[in-house]
Amino acid sequence: MVIGTKTKNAILSQLLHIENLSVGYKNKAIIEAVEFQLNKGEICAIVGVNGIGKSTLLRTLGKLQPKINGSIQIENRELEAYSPIDLAKQIALVLTDSIASKNLRVKELLALGRQPHTNWIGTLLKEDQEIIRETLQNFQLENLKDKKCHELSDGQLQRVLIARAMVQDTPLILLDEPTTHLDLSHKVGIFKLLKDLAHVHKRTVLLTTHEIELAIQLADKMLVLNGKENPFGTPQDLISKGYFDELFPKDVVQFDAKTGTFRVKN
Ligand SMILES: Nc1ncnc2c1ncn2[C@@H]1O[C@H](COP(=O)(O)OP(=O)(O)OP(=O)(O)O)[C@@H](O)[C@H]1O
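Residues numbered from 1 in each chain as written. Predicted model: local features only at pLDDT ≥ 70, side-chain atom pairs only at ≥ 80, totals over all residues. Heavy atoms only, no water.

(A) View of the sheet that holds strand β5 (residues 77–78). The sheet built from four strands is open, its strands ordered β2-β1-β4-β5 with antiparallel pairing. The sheet terminates laterally at β2 (28–39) and β5, the two strands that pair on one side only. Here strand β4 (residues 69–74) runs beside β5; their pairing, made up of two bridges, is antiparallel. Bridge pairing links Gln-73 to Glu-78 in β5. In the packing of helix α2 (residues 54–61) onto the sheet, contacts are made with β1 (14–25), β2 and β4, and the angle to β1 comes to roughly 125°. (Pairing = 2+ DSSP bridges. Helix = DSSP H or I, 4+ residues; strand = E, 2+ residues; numbered from the N terminus. Contact = heavy atoms within 4.5 Å. Axes fitted to C-alpha atoms, helices over the stretch in contact; angles between N-to-C directions.)

(B) Representation of the packing of helix α5 (residues 126–138) against helix α6 (residues 154–168) within the structure. Closest axis-to-axis distance for the α5/α6 pair is 10 Å, and the angle between their directions is 145°. Seen from above, α5 lies across α6 with right-handed handedness. Side by side, α5 and α6 meet where Ile-131, Ile-132 and Thr-135 of the first sit next to Ala-163, Met-166 and Val-167 of the second. (Left-handed = near helix turned anticlockwise from the far one by under 90°.)

(C) Spatial organisation of the site of the ligand. Neighbouring the ligand are Tyr-25, Ile-30, Val-49, Asn-50, Gly-51, Ile-52, Gly-53, Lys-54, Ser-55, Thr-56, Glu-177 and His-210. Within the side chain of Asn-50, an N or O atom sits 2.9 Å from an oxygen atom of the ligand. Among the elements that make up the shell around the ligand, the one with the highest residue count is α2 (three residues). Here the residues of the shell around the ligand are counted per class, giving four nonpolar, six polar and two charged. (Near = heavy atom within 4 Å. Polar contact = N/O pair within 3.5 Å; in protein donor to acceptor, adjacent residues only side chain to side chain. Nonpolar A, V, L, I, M, F, W, Y, C, P; charged D, E, K, R; others polar.)

(D) Geometry of the nonpolar core. Counting residues in hydrophobic clusters, the biggest one holds 50 residues, and the most contacted among them are Leu-194, Met-222 and Phe-244. Broken down by element, the residue count for this core peaks at eight residues, all from α6. Counting residues in each nonpolar core, the second largest holds 26 residues, with Leu-21, Leu-57, Leu-61 and Leu-172 among its members. (Core = buried A, V, L, I, M, F, W, Y, C linked by side-chain atoms within 4.5 Å. Buried < 20%, exposed > 50% of the residue type's maximum accessible area, 1.4 Å probe, protein only.)

Put into structure tokens, the structure is as follows:
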């Protein structure tokens, strides 16, 4: 079979390919038949009501728990085929609540992010030091670099964790609710930072969030977990097909397709 240039380019730019995926616990599926693809340099938000399975899906994509069925491919290779060290070069995981290392200083946490690229005793080469220095600068963290992580505000800690994902230098970054506990301007700040990682630094960014209105404005693609068809597409595409109208009970909130916002029903 001869593959056309267009198809070849599509395969080359595709990073994540999910087919007929079921995730859950002890072989009991919580979310089924998830299908989507993400290209290099795209940002995608996973949304859905409390308890629908957003974190479970993200953890499965990060290989923190096994899938139940279907296929997860990164760079055309099944997730199961990656060794832990190879996977750490493909995926950076940002899970705010589980940071075990809050006693570390910011610069030490960032240095840990280089681990997949350093030797077994974790010696940082000049190049690693330079990446850390540049990232501290780009994320406006220079004045915080000697602070311990437990001394940071939620917004600062979130920026540090994303910076660590950046120094890990992986094509895919997965984040579980990166804007929880933040005020609106810091939520927007984090979303814009992530959009920058995708569009400027060409990382593929996949996050779970309850900030549907921000995601509509700032994400390239969205996956709406609704427990039925779990639609995936551009925010505009999903709006025009009415998927946000059905997300919450209509007698509580109503979606306004013109403004892309939810209104409280009186
Ligand atoms: N370790 C576990 N064992 C069994 N069931 C679990 C476990 N963790 C979560 N669940 C269940 O899986 C379902 C999905 O949970 P999950 O945390 O993925 O949802 P979510 O969409 O991220 O929710 P939220 O928006 O509230 O954070 C829930 O019914 C939850 O009770």
